[in-house]
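Observations on chain architecture
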Amino acid sequence: MTQNVQVNSSYWLQTAPGGAPRPALAEDLDVDVAVIGAGVAGLSTAWELTRTGRSVAVLEAGRIAAGVTGYTSAKLTVQHTLVYDRLRRTRGPEGARLYARSQSEAIERAAGIVAELGIDCDWETRDAYTYVREPGRVDEVRAEAAAAKEAGLPASFVTETGLPFPVAGAVKVTGQAQFHPLKYLLALAADLEAHGGRIFEGTTVQGLDEGEPCRVRTEAGATVTARDVVVATHYPIFDRALLFARLSPRRELVVAGTIEADRDVDGMYITPEENTRSVRTAPLDDAGRRLLLVTGEHFTPGTGDTRERFERLAAWADEHFPGVERTHAWATQDIDPTDTVPMAGPLHPGAHHTYVATGFGGWGLSGGMMAGRLLTAQIAGEECAWSGLYDPRRLRTAVREAPALLKTQAEVARHFVGDRLRPAPPVDALPPGEGAVVRAGGDRLAVYRDEEGALHAVSPRCTHLGCLVDFNAAERAWECPCHGSRFATDGTVLEGPATKPLEQRDI
């Protein structure tokens, strides 16, 4: 993979089946359940609900599955780096078993749906590995393998893998899966519509009234009346249980290129070392070539030089897989909970008909599918063994892991105050294709200079909670380091929790 990384769209988005956009919601609507967000969590929930006979409306601000889900590495596994030993210590052996069982059943459900609907989504069964190369971390990996096996998973400690370099040790979990996420989700969407569900794209939600019934208000002024509402927008657009204090955004980069079949790594790999490195392949063409995907370099949105990070990731891929011709480079965004486990359940302590799914920590495919089944059971009034584990209202574990919560809030406070004290460069210093928060006439402006030299100015205050955005030069976007909202150079929302664009400014 050569250097000078050019960021383009994800492979999944480029190779997804085409189709005309679905219409935006233009008039008031009454349904049993309104689902806000059409990623893997939202579509999985909506699909499960239609199978119970409920009328469902999915409201998506952009195109379905084209947000975070469209930029995933698309590994469908219960092996979530080094999670089970930590869960065994913080939630007890039963908590670790419930986590393993819930994630395993979600993957089995997905495999069943693929078979039932006959979805052609490049489904492949692969083993998953978490490896380390530092001998000093081997005991950590041994403990994880033991904890995962105790939790009921087909896990073992190994020292041999399909990677083209030696490892000191690895956790191996057999029988996991990888697939083309958009081919799967677009088929899921078509099937839920065939069962009476409705999907509205280009429909931004800006208000929620939790009455009986609930009312969801869109930017265009339409109202959806529903008995139940599910907020599945990755990062919640409503904070009614201090969720913002318990979630932190994390951006991660992906580089991909073609590889011959005989160089396939024969598995899905991840290491917590080297600022994370994840490797897997996907089928590419009839000639037997495969697509190599290398992921890593995680960082907080709106901090540091993203171009430099892309170059580091590409250099790592080039070192370990020489001769691979890069075809794609993109970035994805994850939301980490401060206490390890995702949040899926009632939106806040007083909620009776509103639910949320968030905080999947980089494992949103199995997590989103799990949330779909869990929330459907809760809406139907059925018991679910792991409701307590994922309950967003949990406070005991948040208190127990308070240092992580306090660190998250300290970072938010540091950006909210510190970014306002940062020296601002002059407008004249901006080269074409660059952006920065500058001072002009005593005010701070977020200014982008396009390739023709024209300046475009917006307010630097994120419309979510008022932190100052910073410019991501690799992706040419304004990013909020506090809660991860992202905006195009003209201020339009690319990613929430913000629902309103940055205000236009004159310069």
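These numbers were taken from a predicted model, which means no experiment stands behind them. (Residues numbered from 1 in each chain as written. Predicted model: local features only at pLDDT ≥ 70, side-chain atom pairs only at ≥ 80, totals over all residues. Heavy atoms only, no water.)

**Focus: the overall build of the chain**
When helices and strands are counted, the chain shows eleven helices and 25 strands. In terms of C-alpha radius of gyration, the chain reaches 22 Å, essentially the compact-globule figure of 23 Å for 507 residues. Overall size of the chain, expressed as C-alpha extent along the three principal axes, is 60 × 55 × 50 Å. A buried classification covers 58% of the 507 residues belonging to the chain. Pairs at least 24 residues apart make up 70% of the contacts formed inside the chain by residues separated by at least 6 positions. Put simply, the chain shows about 19,700 Å² of open surface, and 49% of that area lies on carbon and sulfur atoms. Positive and negative side-chain charges of the chain, numbering 53 and 68 respectively, have mean locations separated by a distance of 4 Å. (Helix = DSSP H or I, 4+ residues; strand = E, 2+ residues; numbered from the N terminus. Rg over C-alpha atoms; globule rule 2.2 N^0.38 Å. Buried < 20%, exposed > 50% of the residue type's maximum accessible area, 1.4 Å probe, protein only. Contact = heavy atoms within 4.5 Å. Areas by Shrake-Rupley, 256 points an atom, 1.4 Å probe, with all protein chains shown as cover. Lys, Arg positive; Asp, Glu negative; His and termini not counted. Charge placed at Lys NZ, Arg CZ, Asp CG, Glu CD.)

**Examining empty space enclosed by the protein**
The tally for this structure, following the rule as stated, stands at two cavities of 30 Å³ or more. The computed volume of the largest cavity comes to approximately 50 Å³. For the largest cavity, the full set of lining residues is S44, W47, E48, R109, A110, I113, Y184, L188, M369 and R373. Every element with two or more residues in the lining of the largest cavity is listed here: α2 (40–50), α4 (92–117), α6 (181–194) and α8 (364–379). The wall of the second largest cavity is formed by Y11, W12, D122, E124, Q178, F179, H180, R280, A282 and P283. If you list the elements that add at least two residues to the lining of the second largest cavity, you get α1 (11–14) and β13 (277–283). (1 Å grid on protein atoms, 1.4 Å probe; cavity = no way out; pocket = protein on both sides within 12 Å on 5 of 7 lines; lining within 4 Å. Points joined across faces, edges and corners; volume = space filled by probe spheres on them.)

**Points about the pattern of salt bridges**
The full count for this structure, using the stated rule, is 36 salt bridges. A salt bridge links R88 to E150; its shortest N-O distance comes to 3.0 Å. Of this pair, R88 sits in helix α3 (residues 84–90) while E150 sits in helix α5 (residues 138–150); the two residues are 62 residues apart in sequence, bridging distant segments of the chain. Relative accessible area serves as the criterion here: at 24%, R88 is assigned to the partly exposed category. On the basis of relative accessible area, E150 is assigned to the partly exposed category, the value being 37%. One network of salt bridges, with partners in common, ties together D85, R88, R89 and E150. (Salt bridge = Lys/Arg side-chain N within 4 Å of Asp/Glu carboxyl O.)

**Quick word on a negative patch on the surface**
A contiguous patch of negative charge on the surface is contributed by E134, E274, D318 and E319. Residue position: E134 is located in the loop between β4 (124–132) and α5. (Patch = residues over 30% accessible without salt bridge, like charges linked within 9 Å, V, L, I, M, F, W, Y side chains within 5 Å.)

**A closer look at the pairing of strand β20 (residues 455–458)**
Here four bridges tie strand β19 (residues 443–449) to β20, and the two strands are oriented antiparallel to one another. If you follow Y448 over to β20, its bridge partner there is H456. Taking the residues that link successive antiparallel strands as the turn, the β19-β20 hairpin has five residues, and the phi of G453 there is positive, at about 95°. Bridge count for β20 against strand β25 (residues 504–505) is two bridges, and the pairing is antiparallel. Looking across to β25, one finds that V458 is bridged to Q504. (Pairing = 2+ DSSP bridges.)

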